[in-house]
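Residues per chain, in single letters:
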Amino acid sequence: HTHSAKAQEFDPITLEVLRNRLDVIAHEMQAAMIRSAFSIVIKEGWDCAASIFDPTGNMVSQAKSLPVHLGVLNSAVRRILKEYPAESMKKGDAYIFNDPYEGGTHIPDQTIVMPIVSGDRTVGLACTMAHQQDFGGMTIGSLPPDATEIFQEGLVLPPCKLVAEGEWNEDLMNVILKNVRMPGHTIGDLRAMMAAGDVGRRRYLEMVDEHGAENVQRYVNEIMNRTERLTRQKIAEIPDGTYSFEDWL
């Protein structure tokens, strides 16, 4: 009966409050990104995603803008963490990545990860993905239907440190801005993603200040466990058998 005793450690009201609060943080991040963005693709198309992750790379909450981005954020964030583990991140850092073969989507989709640091420990990650209006390559918009190799599609970024403790990596930014057709839009949209990350960081730290970092992580883990239980329960309801599906695009 240790399992039921363990379940009682969680106050159900606190659990629900924190669960909803985490959702609200992600939605506020997304709103900040859309409001601050320069390009139509984000501002009107909402071609972006905002999410809070834990330091190990698990998605904790998400804003419901573009489901495909949310699906890919998992692999993109994990790829960044492989290069830059959460414990090595510092307050004011930001990491960027877009390689489709390493966990990204197509080249215009940039992922930015910003650590949420409490004291000197990374307690979470504020993550965004947004489609840039142009990211180089042989056609404007970086989506050439007749490309035969990835180099024709645009600039590929491995996991890179874009900002180090508040200082922008000017060399990297100069390379990016020299390779895009609308540098003003690009810098504006990257800053919008950073603004969203900053909203996520501040809101998450408010929660940590109120409830304590250990306690927040404990409740986050319990939310994850409950999600898994509910998902497995739903899968178990599907009758056994072989299912197939075909589609065309």
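The structure under discussion appears in the preceding block.
An account of the accompanying structure is given in this report. Here, residues in each chain are numbered from 1, in the same order as that chain's written sequence. At least 70 in pLDDT is required for a residue's local features to be given in this predicted model, at least 80 for side-chain atom pairs to be given and counted, and no such filter applies to totals for whole chains, interfaces and linings, which use all residues. For the side-chain quantities, the full set of heavy atoms in the structure was used; hydrogens and water were omitted.

## Concerning the layout of surface pockets
Note the threshold: Cavity means a closed set of points on a 1 Å grid over the protein atoms alone, one where a 1.4 Å probe fits but cannot get out, pocket means an open set with protein on both sides within 12 Å along at least 5 of 7 lines, and lining means a residue has an atom within 4 Å of a point. Grid points are joined across faces, edges and corners, and a volume is the space filled by probe spheres set on the points. A run of H or I in DSSP counts as a helix once it spans at least four residues, and a run of E counts as a strand once it spans at least two, with each numbered from the N terminus. The classification used treats Ala, Val, Leu, Ile, Met, Phe, Trp, Tyr, Cys and Pro as nonpolar, Asp, Glu, Lys and Arg as charged, and all other residues, Gly among them, as polar.
The calculated volume of the largest pocket comes to roughly 350 Å³. Within the residue set of the lining of the largest pocket, elements represented by two or more residues are α2 (12-36), β2 (59-62) and α7 (213-237). Ranked by residues supplied to the lining of the largest pocket, first place goes to α7 with five residues. The residue inventory of the lining of the largest pocket, partitioned by class, reads five nonpolar, five polar and five charged.

## Observations regarding the sheet that holds strand β6 (residues 160-164)
Let me state the cut-off plainly: Strands are treated as partners if at least two bridges between them are detected by DSSP. Whether two residues touch is decided by their heavy atoms; if any such pair falls within 4.5 Å, the residues are in contact. Angles shown run from 0 to 180 degrees and are taken between the N-to-C directions of axes, each axis being a line fitted to C-alpha atoms and, for helices, limited to the stretch in contact.
Spatially, β2-β1-β5-β4-β3-β6-β7 is the arrangement adopted by the seven strands of the open sheet, whose pairing is antiparallel. With partners counted over all chains shown, the strands left at the sheet margins are β2 and β7 (167-168), one partner each. When strand β1 (residues 48-53) meets strand β5 (residues 121-131), the two strands line up antiparallel, connected through six bridges. When the bridges of β5 are listed, alanine 49 appears paired with methionine 129. Helix α4 (residues 67-83) rests against β1, β2, β3 (94-97), β4 (109-118) and β5 of the sheet, and its axis sits at about 130° to β5. Along the sheet, helix α6 (residues 183-211) contacts β1, β3, β4, β5, β6 and β7; its crossing angle with β4, the most-contacted strand, is approximately 30°.

## Structural notes on the environment of phenylalanine 151
Spelled out, the test is: Exposure is judged per residue with a 1.4 Å probe applied to protein chains only, and the accessible area is read against the type maximum: over 50% gives exposed, under 20% gives buried, and values in between give partly exposed.
Relative to the helices and strands, phenylalanine 151 resides in the loop between β5 and β6. Look at phenylalanine 151 and you get exposed, because its relative accessible area is 65%. Sequence separation of phenylalanine 151 and glycine 136 is 15 residues, and the distance between their C-alpha atoms is 9.5 Å.

## What to know about the packing of helix α5 (residues 170-178) against α6
For the record, the criterion: When an angle is under 35 degrees it counts as roughly parallel; over 145 it counts as roughly antiparallel; between 65 and 115 it counts as roughly perpendicular; any other value is oblique. For any helix crossing, the convention is left-handed if the near helix is rotated counterclockwise from the far helix by under a right angle, and right-handed if that rotation is clockwise.
Packing of α5 against α6 leaves a shortest axis separation of 9 Å and a crossing angle of 135°. Considered as vectors, α5 and α6 are oriented oblique to each other. Here α5 and α6 pass one another in a crossing that is right-handed. Residue-level inspection shows Met173, Ile176 and Leu177 of α5 in contact with α6, the latter providing Pro183, Thr186, Ile187 and Leu190. Tallied by class, residues from the contact of α5 with α6 come to six nonpolar, one polar and no charged.

## Notes on a nonpolar patch on the surface
Our working rule: Note on patches: the residues involved have over 30% relative accessible area and no salt bridge, like charges join within 9 Å, and the nonpolar side chains Val, Leu, Ile, Met, Phe, Trp and Tyr join within 5 Å. Computed by Shrake-Rupley with a 1.4 Å probe, the accessible areas treat only the displayed protein chains as cover when residues are assessed. We define a salt bridge as a contact between a side-chain nitrogen of Lys or Arg and a carboxyl oxygen of Asp or Glu at a distance within 4 Å.
Nonpolar side chains collect at one region of the surface, where Ile235, Ile238 and Tyr243 lie side by side and expose about 340 Å² of accessible area between them. Counting through the fold element by element, isoleucine 238 comes out in the segment after α7.

## Overview of the packing of α2 against α7
Where α2 meets α7, the closest approach of the two axes is 10 Å, and the angle between their N-to-C directions is 85°. Relative to α7, the element α2 lies roughly perpendicular. Taken together, the residues of α7 that come into contact with α2 (itself represented by Thr14, Leu15, Leu18, Arg19 and Leu22) are Tyr219, Val220, Glu222, Ile223 and Arg226. Taken together, the residues of the contact of α2 with α7 break down into six nonpolar, one polar and three charged.

## Things to note about the pairing of β6
Note that β3 and β6 share three bridges and pair antiparallel. Bridge assignment links isoleucine 96 to a residue of β6, and that residue is cysteine 160. Across two bridges, the pairing between β6 and β7 is antiparallel. Looking at the pairing, alanine 164 lines up with glutamate 167 of β7.

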